[in-house]
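# Structural overview for review
Listed below, chain by chain, are the residues.
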Amino acid sequence: MTDRRLLLVHAHPDDESIVTGATMAKYAAEGAEVTLVTCTLGEQGEVIPPELAHLAADREGGLGEYRIGELERACAALGVGDHRFLGGAGRYRDSGMMGAATNDDPDCFWRADVEEAARELATIVREVRPHVMVTYDDNGGYGHPDHIQAHRVALRAFAMAADRSLPGTPWQTRKLYAIAQPRSVLAAAVARLQEDPGPFTAPAGIGDIAPGTPDGAVTTRIDATAHWAAKALAMREHATQITVAGERFALSNDIAQEIDAVEYFSLLRGPAPRRGPDGFETDLFA
């Protein structure tokens, strides 16, 4: 084992590439052990390419099975060789957007027992023994039920893996981060996108992309500019969900976003961050 091990907990295939792809590629290239845990197959995703539209109509596994292959190729582009589905592929179904009828599916991740799912994740944590874990904030970034549930499960597993009263060998992960999108950074990106959205629709404001994280809550800035191309390639591999055009991309809503290889995080658990002159910590392992 290396002395730098990173474990990321994401809700669906493609989430890892969009918001943490550059960070994953950077640490993998530097020799860190990077493990990705994905909680669902993303069965409820809207399919963009017309030639793959038939996958969305097959809710019995067609899209989910297809997205396994997309995720495998994206991980290869990022240099990440260790990927697992929480509880095994298909154990938890995609819940769909908040308020959708699919939120009531007893097999969906939103309805999962947090303790049970956290035990599954804690088992992985004890095996991998990461120094750092990454997941979402308590709103899941933008309110998706599976993202919110991933936050809850990761937070509980972080504590559970270190609990000496439970069977097995405990492991105390040093730090737990939430993915962050600083509001000032989003606002600057929106201004650029309104001038040049590429082939997509310009966002009216940051709310068209995400609510954003208050700048004061952001602790960490990872500059992985050297790995922009790996992130862009990984995003292209998720062709059912993402359209990439140059330095821009869009999801099924056709709203332009920038492919950014500088990624931000907020420390949830662990020692106080070592901030530099710009106010940010610059290494998840610091």
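An unreviewed UniProt entry annotates the protein chain as 1D-myo-inositol 2-acetamido-2-deoxy-alpha-D-glucopyranoside deacetylase of Marinactinospora thermotolerans DSM 45154. Per UniProt, the protein chain carries the Catalytic activity (unreviewed entry) text "1D-myo-inositol 2-acetamido-2-deoxy-alpha-D-glucopyranoside + H2O = 1D-myo-inositol 2-amino-2-deoxy-alpha-D-glucopyranoside + acetate". UniProt, in the comment section headed Sequence similarities (unreviewed entry), describes the protein chain in these words: "Belongs to the MshB deacetylase family."

## Digging into the packing of helix α1 (residues 15-29) against helix α3 (residues 62-78)
The geometry of α1 relative to α3 is characterised by a closest axis approach of 8 Å and an angle of 40° between their N-to-C directions. As far as their axial angle goes, α3 and α1 are oblique. Of the residues in α3, those touching α1 at Glu16, Ser17, Gly21, Met24, Ala25 and Ala28 are Leu71, Ala74 and Leu78. Considering only residue class, the contact of α1 with α3 consists of 6 nonpolar, 2 polar and 1 charged.

## Description of the environment of Ala122
Take Ala122: it is sitting in helix α4 (residues 114-128). With 41 residues separating them along the chain, Ala122 and Asp163 place their C-alpha atoms 9.9 Å apart. Filtering out sequence-adjacent residues up to four positions away, Ala122 remains in contact with Ala157, Met160 and Ala161.

## Considering the environment of Arg4
With respect to the secondary-structure elements, Arg4 resides in the segment before β1 (5-10). With residues near it in sequence (within four places) discarded, Arg4 still touches Tyr27, Glu30, Ala32, Glu33, His131, Asp283 and Phe285. Of the polar contacts made by the side chain of Arg4, one reaches the side chain of Glu30; its length is 3.0 Å.

Analysis parameters
Residues numbered from 1 in each chain as written. Predicted model: local features only at pLDDT ≥ 70, side-chain atom pairs only at ≥ 80, totals over all residues. Heavy atoms only, no water. UniProt positions renumbered as here; feature names shortened; annotations may be inferred. Axes fitted to C-alpha atoms, helices over the stretch in contact; angles between N-to-C directions. Helix = DSSP H or I, 4+ residues; strand = E, 2+ residues; numbered from the N terminus. Parallel < 35°, antiparallel > 145°, perpendicular 65-115°, else oblique. Contact = heavy atoms within 4.5 Å. Nonpolar A, V, L, I, M, F, W, Y, C, P; charged D, E, K, R; others polar. Polar contact = N/O pair within 3.5 Å; in protein donor to acceptor, adjacent residues only side chain to side chain.

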